[in-house]
Amino acid sequence: DVYTNKSDNSPNPLILIIHGGYWKAGDKGSFYTQRAKEFVELGYTVASINYRLSTEHKFPANIEDLRDGILFLTEHAKEFNIDHSQIMTYGISAGGHLAAFIALSANSDREYVKGLNPSAFKGAISMYGIHDMSLTIQREHPFNELYIGTSYALDSTNYIDASTTQHVDVDDPPILLIHGTLDGSV
């Protein structure tokens, strides 16, 4: 879904809203409509996309979907009034993880981000996202195991690669991390 200011034909920075749902549920739909409208009123073009869920597809399938969605949006930037050199990502819970992950990993050599322009990412907002999948509380959570597709004890590789903390470097955009003090799972 793309939200734009119909009276403004100029290219605007893009905010990509990424839904949450423990990577296993959720949808780009109406839950984010009000937030998208608020961002549009502030001068942004907003897109919200779906990604394959972990009930059938494991990491990095959803990262590939985000990549493909961003590539589609940048290829159609003129049509959607997007300044493809200015992308922000925004997500809640699993969406927060994915928002930070795509912004931080865009400058890596991983196949799942191939084709992205890392300098286009100007920042990410992660609201109570999980960022270190190797922590005991995370690697033992059944939804995280569903997302990765195996237990940490059997193969820790994707737990480590799926951690945003593993993709941090000096060339990354700023990230705003927001967590509640009573959040027992993140």
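Above: the structure in question.
These numbers were taken from a predicted model, which means no experiment stands behind them.

Caption draft 1: Focus on the pattern of salt bridges. Taken as a whole and judged by the stated rule, the model has 7 salt bridges. We note a salt bridge from D1 to K28, for which the minimum N-O separation is 3.0 Å. Pair noted here: D1 is in the segment before β1 (2-3) and K28 is in the loop between β2 (12-18) and α1 (33-41), with a separation of 27 residues, a long-range link. In this structure, the salt-bridge partner of R52 is E64, at a minimum N-O distance of 3.2 Å. Remark: E64 occurs in helix α2 (residues 61-75) and R52 occurs in the loop between β3 (45-49) and α2; sequence separation between them is 12 residues. Given the relative accessible area of 32%, R52 is considered partly exposed. Residue classification places E64 among the partly exposed positions, given a relative accessible area of 26%. The network of salt bridges with common partners includes R52, E64 and D65.

Caption draft 2: Here's a closer look at the side chain of H19. Here H19 shows up in the loop between β2 and α1. The contact partners of H19, leaving out residues within four places of it in the chain, are A25, G26, D27, K28, Y32, I49, N50, Y51, L53, I92, A94 and G95.

Caption draft 3: Up close: helix α4 (residues 94-105). Compared with the 16 Å implied by 1.5 Å per residue over 12 residues, the 16 Å span of α4 between its first and last C-alpha is a close match. Within α4, 12 of the 12 residues are buried, which leaves the element mostly enclosed by the surrounding structure. Every buried residue of α4 is listed here: A94, G95, G96, H97, L98, A99, A100, F101, I102, A103, L104 and S105.

Caption draft 4: Representation of the packing of aromatic side chains within the structure. Under the definition given, this model contains 11 aromatic pairs. Summarising the aromatic geometry, the rings of Y22 and F143 are spaced 4.6 Å apart at their centres and angled 50 degrees between planes, so their arrangement reads as tilted. Highlighted residues: Y22 in the loop between β2 and α1 and F143 in helix α6 (residues 142-148), separated in sequence by 121 residues. Residue classification places Y22 among the partly exposed residues on the basis of a relative accessible area of 22%. Ring plane angle 50 degrees and centroid distance 6.2 Å describe the contact between F72 and F80, whose orientation is recorded as tilted. Given the relative accessible area of 41%, F72 is considered partly exposed. The buried category is assigned to F80, whose relative accessible area is 16%. Of the aromatic side chains, those joined through ring pairs into one cluster are Y22, W23, F59, F101, Y112, F143 and Y147.

Caption draft 5: Region of the structure containing the nonpolar core. One finds F59, I63, L98, I102, F121, M133 and Y147 to be the most contacted residues of the largest nonpolar core, which totals 35 residues. Sort the elements by how many residues they give to this core and α4 lands first, with 6 residues. In this structure F59 touches F101, Y112, Y147, I148, N158, D161 and A162, once residues within four positions along its chain are discounted. Counting residues in hydrophobic clusters, the runner-up holds 12 residues, among them I17, A36, I92 and I125.

Rules used throughout
- Residues numbered from 1 in each chain as written.
- Predicted model: local features only at pLDDT ≥ 70, side-chain atom pairs only at ≥ 80, totals over all residues.
- Heavy atoms only, no water.
- Salt bridge = Lys/Arg side-chain N within 4 Å of Asp/Glu carboxyl O.
- Helix = DSSP H or I, 4+ residues; strand = E, 2+ residues; numbered from the N terminus.
- Buried < 20%, exposed > 50% of the residue type's maximum accessible area, 1.4 Å probe, protein only.
- Contact = heavy atoms within 4.5 Å.
- Expected span 1.5 Å × (residues − 1).
- Phe/Tyr/Trp six-rings, centres within 6.5 Å; stacked < 30°, edge-to-face > 60°.
- Core = buried A, V, L, I, M, F, W, Y, C linked by side-chain atoms within 4.5 Å.

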